[in-house]
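# Results of the structural survey
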Amino acid sequence: MKGLYTIIFLIISNVFMTFAWYGHLKLQEMKISTNWPLALVVLFSWGIALFEYSFQIPANRIGFVGNGGPFTLMQLKVIQEVITLIIFSVFTIVFFKGESLQWNHFVAFGLLILAVYFVFMK
């Protein structure tokens, strides 16, 4: 169960992270934050990132083998990166219509799957 909770928390965390890091670009595109000073954009993103950390930290604590979880630090990091790229890809396709996935992106995703395989290999 700890592995499942870890992955669920990482997914939630990465949704917040993606909105914190890139959501302001969509707000700018929609002419909502066009005139916001950069400091306000940063504070807005930090507010969203607080929720990211509220899930990221527990995910790492629950999932880390040193705390009784199933994953090593390297495994946690690779899992987190794969989740990040999946969520970012969905976010990009849904919210930014001018972006699309190309063949090289799929090759990169395949290589990430290989990274997961190798990081879990004994």
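Residues numbered from 1 in each chain as written. Predicted model: local features only at pLDDT ≥ 70, side-chain atom pairs only at ≥ 80, totals over all residues. Heavy atoms only, no water.

## Topic: helix H1 (residues 2-29)
Stated formally: Under the scheme used here, helices are H or I runs from DSSP no shorter than 4 residues and strands are E runs no shorter than 2 residues, and both carry numbers assigned from the N terminus. The span you would expect from a helix comes to 1.5 Å times its residue count less one. Given a residue, its bend is the angle between the two axes fitted to the seven residues that end at it and to the seven that start from it. Throughout this description, buried means an accessible area under 20% of the type-specific maximum (1.4 Å probe, protein chains only), exposed means over 50%, and partly exposed covers the range between. By definition, residues are in contact when any of their heavy atoms lie within 4.5 Å.
The end-to-end C-alpha distance of H1, which contains 28 residues, comes to 40 Å, matching closely the 40 Å that a straight helix rising 1.5 Å per residue would cover. Along its length, H1 reaches its greatest deviation from straightness, about 50 degrees, at Tyr22. Within H1, burial applies to Gly3, Thr6, Leu10, Ser13, Asn14, Met17, Thr18, Ala20, Gly23, Lys26 and Leu27. Lining the buried residues of H1 we find helix H2 (38-63) and helix H3 (73-95). One or two steps after H1, the chain reaches Lys31, where phi turns positive at roughly 65 degrees.

## Section: the nonpolar core
How we decide: In plain words, nonpolar cores are sets of buried Ala, Val, Leu, Ile, Met, Phe, Trp, Tyr and Cys residues tied together by side-chain atoms within 4.5 Å.
Judged by nonpolar contacts, Leu10, Ala59, Phe71, Leu76, Ile79, Ile83 and Ile87 together constitute the single largest core of 7 residues. A per-element tally of this core places H3 first, with 4 residues. With residues up to four places along the chain from it excluded, the contact list for Ala59 reads Thr6, Phe9, Leu10 and Leu76.

## Observations regarding the packing of H1 against H2
Quick note on the threshold: Only the stretch in contact is used when fitting a helix axis, every axis being a line fitted to C-alpha atoms; angles between N-to-C directions are given from 0 to 180 degrees. Angle categories: roughly parallel below 35 degrees, roughly antiparallel above 145, roughly perpendicular from 65 to 115, and oblique for all the rest. It is the rotation of the near helix from the far one that decides the hand of a crossing: anticlockwise by less than a right angle makes it left-handed, clockwise makes it right-handed. Here the term charged refers only to Asp, Glu, Lys and Arg, the term nonpolar to Ala, Val, Leu, Ile, Met, Phe, Trp, Tyr, Cys and Pro, and the term polar to all other amino acids, Gly among them.
At a minimum axis separation of 8 Å, H1 and H2 run at an interaxial angle of 165 degrees. In terms of their interaxial angle, H1 and H2 are classed as roughly antiparallel. Here the hand of the crossing between H1 and H2 comes out left-handed. In the contact of H1 with H2, the residues fall into 18 nonpolar, 8 polar and 2 charged.

## Quick notes on the pattern of salt bridges
A side chain with one charge can pair with a side chain of the opposite charge if their charged atoms come near. This is how it is decided: Should a side-chain nitrogen of Lys or Arg be within 4 Å of a carboxyl oxygen of Asp or Glu, the pair is scored as a salt bridge.
Enumeration according to the criterion identifies 2 salt bridges in this entry. Measuring nitrogen to oxygen at the nearest pair gives 2.7 Å for the salt bridge that ties Glu29 to Lys26. Linking Glu29 with Lys26, this pair stays in helix H1, spanning 3 residues, or about one helical turn. Accessibility expressed as a relative area gives 19% for Lys26, which makes it buried. Between Glu81 and Lys77 there is a salt bridge, with the nearest N and O atoms lying 2.8 Å from each other. Taken together, the residues Glu81 and Lys77, both in helix H3 and 4 residues apart, mark about one turn of the helix. Judged by relative accessible area, Glu81 falls into the partly exposed class, the value being 31%. Using a relative accessible area of 46% as the deciding quantity, one classes Lys77 as partly exposed.

Note that every value here comes from positions in space, so none of it alone points to a role or purpose.
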